[in-house]
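# An overview of the molecular structure
Now for the letters of each chain:
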Amino acid sequence: MKKKKNSLFIPDVMFDSVHDISPSYLAERGIRVAVLDIDNTLVTYGMPEPTKEILAWIEALRAGGISVAVASNNSRERVERFNRTLSAFVTYRSRKPSPKSVYAACRHFGVTPAQTAVIGDQIFTDVLCARRAGAFAILVTPLPYKENFFFKCKRLMEKPFIRAYRRKNDSDNGS
Ligand SMILES: [Mg+2]
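Residues numbered from 1 in each chain as written. Predicted model: local features only at pLDDT ≥ 70, side-chain atom pairs only at ≥ 80, totals over all residues.

## Overview of unusual backbone geometry
Excluding glycine, residues mostly have negative phi values, and the peptide bonds linking residues are mostly trans. So the rule is basically this: Under the DSSP-based scheme used, a helix requires at least four consecutive residues in state H or I and a strand at least two consecutive residues in state E, with every element numbered from the N terminus. Using C-beta atoms placed from the backbone, we call a residue buried if 20 or more other C-beta atoms fall within 10 Å of its own, exposed if 12 or fewer do, and partly exposed for counts in between.
Cis geometry marks the peptide bond from lysine 96 to proline 97; its omega dihedral reads 20°. Looking at where proline 97 falls in the secondary structure, it is placed in the loop between β4 (89-91) and α4 (100-109). Backbone geometry at arginine 95 places phi at a positive 55°, although glycine is not the residue there. Among the residues examined, arginine 95 registers 13 C-beta atoms within 10 Å and is labelled partly exposed.

Below you can see the structure in the form of C-alpha cells.
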C-alpha cells in the first residue's frame, strides 16, 4: 500500500502518559531502547529533576530489559542536572526533528533504529525525529503547563495529525 504523504507526522501509537507504557509493550514490538524527551513528557517544562514516579517508571523499563536514553533540545545544563539521578545516555541540544539523537543512542547501545522508540509530546519534533530515523514513534499527551502563543500555535497545527491517527486507529480496530 502506498504510504500517505503525511505519515511522517502520525505517531505509531498515542498514550495519555508515559506511565501507561510498560516494558512488555515495548519488548513485544522488538524495542530495546527508549529515547525519551524530557520537557512536558517526563516532567513539566522547567522542573529540574525527575519525580520519584518517573524514576520508578524508568527503573521498571530497565528491569524489563529496555535501555533508556534521554534526548532533549534543551541545554546541556538542563539535561545533565535532570540526568544526575537517572544516569541515562543523554544527548542535549539534539535539534529534534533531526534524527541524530536516535542514531547516537543506536551507536551507544549497539541497536538499530527499528529497535528504538522515541517517546515525546510533540509531533513536529519528537514524532518527526522518530520517523526520520526509522524508529517507533510514541506520542504522549503533554503534561499540563502554561502555554505561550508559540506553543498554542504548534498544538493547533498538530491537531489534524492527531485526528488522522485516531481515524486510522478506529478503522484498524473496527476491521
Ligand atoms: Mg517536549
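## Considerations on helix α2 (residues 52-63)
Put simply, the test is: Between the first and last residue of a helix there are one fewer steps than residues, each counted as 1.5 Å, and that sum is the expected span. The directions considered for the arc run from the helix axis to the C-beta atoms. Placing C-beta atoms from the backbone, we regard two residues as in contact once those atoms come within 7 Å.
When the terminal C-alpha atoms of α2 are compared, their 16 Å separation across 12 residues agrees well with the 16 Å that a helix rising 1.5 Å per residue should span. Where α2 is concerned, the buried positions are Ile54, Trp57, Ile58 and Leu61. The arc that holds every buried residue of α2, seen down its axis, measures 95°, which confines them to one face. Counted as exposed and oriented over 90 degrees from the buried face of α2: Lys52, Ala56, Glu59 and Ala63. Where α2 is buried, its residues meet α1 (23-28), β2 (33-36) and β3 (67-71). Count one or two residues on from α2 and you reach glycine 65, which has phi positive near 90°.

## Side note on the pairing of β2
Remark: a regular strand shows side chains that alternate across the two faces of the sheet. Operational definition: One requirement defines pairing of two strands: DSSP has to find at least two bridges between them. Whether a crossover is right-handed depends on one test, that the path from the first strand over the helix to the second runs clockwise when the strands point away from the viewer.
Of the two faces of β2, the one lined by Val33 and Val35 and the one lined by Ala34 and Leu36 are each fully buried. Here 4 bridges tie β2 to β3, and the two strands are oriented parallel to one another. Among the inter-strand pairings, valine 33 is bridged to a residue of β3, identified as serine 67. Read as a crossover between parallel neighbours, the route from β2 over α2 to β3 is right-handed.

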